[in-house]
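Examination of the molecular architecture
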Amino acid sequence: MTNAIATGLTAGTWAIDPSHSTVGFSVRHLMVSKVRGRFTDFDGSLVINADGTASAQAEIRVDSLTTDNAQRDGHLRTADFFHVEDFPVMTFKSTAFRGEGSDFVVDGEFTVRGNTKPVSLEVEFLGVNPGMGNGPVAGFEAKTVVSRREFGLDIDMPLPDGGAVIGDKITLTLEIEVALQS
């Protein structure tokens, strides 16, 4: 159970709507630009208890990764990076919600390639809407930066004049819509 959050969300289970959500990332490339990508197959939920405490969990299927470049995507799925064959799913499970009002931090455990590390997501609550006839929906944007090496994605590809082909810091950006389950 985690600390109460002041969002005005109705108690219950709110499921991620993947057709209206994005799980994205960006990483420095050749020290001068960023490569962006996303995962297209994921699910999760936010549970709001009657006392206002909350918990969240999510699963991301790693083989759904796309950077819009088939050759790069194929390499990212290999043992050099995500090793999808042995580690097909990344997971997140909250441990605490901090802050007040519509912006807060969700602390949790993030598991990639069998490595579990604490992360803190900076979350902006975008509000609740009555929805389109299927019940209320709510929106959030969240962001965190993680070290790929800490999660076992530790391939080094140094450049001849210094630096690396791929940076260590990965920015994860979540745009999430959840729907209250009946």
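Report on the accompanying structure. From a predicted model like this one, the values you see are computed outputs, not experimental measurements.

Nonpolar side chains collect at one region of the surface, where L30, M31 and V32 lie side by side and expose about 300 Å² of accessible area between them. Mapped onto the secondary structure, L30 falls in the loop between strand 2 (22-29) and strand 3 (33-39). Take L30: its relative accessible area is 39%, and that puts it in the partly exposed class.

Attention now goes to the nonpolar core. What tends to happen in soluble globular proteins is that the nonpolar side chains get buried as a cluster. Ranked by internal contacts, the top residues of the largest apolar core, which has 46 residues, are F39, L46, F82 and F140. Filtering out sequence-adjacent residues up to four positions away, F39 remains in contact with V23, F25, I60, R61, V62, S64, L65, F82 and M90.

Moving on to the pattern of salt bridges. All told, the structure shown has six salt bridges when counted by the stated rule. The closest approach of N and O atoms between D168 and R149, which form a salt bridge, is 3.5 Å. Of this pair, D168 sits in strand 11 (residues 166-180) while R149 sits in the loop between strand 10 (137-147) and strand 11, and the two are 19 residues apart along the sequence. D168 sits in the buried class, given a relative accessible area of 17%. By relative accessible area, R149 is classed as partly exposed at 35%. Among the charged side chains, a salt-bridge network with shared partners connects D41, D43, E59 and R61.

A separate point is unusual backbone geometry. Residues other than glycine seldom take positive phi values, yet L30 does so here, at roughly 55°. For M31, which is not glycine, the phi torsion reads 70° and is therefore positive. Note on placement: M31 falls in the loop between strand 2 and strand 3. M31 sits in the partly exposed class, given a relative accessible area of 48%.

Criteria and cut-off values
- Residues numbered from 1 in each chain as written.
- Predicted model: local features only at pLDDT ≥ 70, side-chain atom pairs only at ≥ 80, totals over all residues.
- Heavy atoms only, no water.
- Patch = residues over 30% accessible without salt bridge, like charges linked within 9 Å, V, L, I, M, F, W, Y side chains within 5 Å.
- Areas by Shrake-Rupley, 256 points an atom, 1.4 Å probe, with all protein chains shown as cover.
- Salt bridge = Lys/Arg side-chain N within 4 Å of Asp/Glu carboxyl O.
- Helix = DSSP H or I, 4+ residues; strand = E, 2+ residues; numbered from the N terminus.
- Buried < 20%, exposed > 50% of the residue type's maximum accessible area, 1.4 Å probe, protein only.
- Core = buried A, V, L, I, M, F, W, Y, C linked by side-chain atoms within 4.5 Å.
- Contact = heavy atoms within 4.5 Å.

That is the geometry; function is a separate question.
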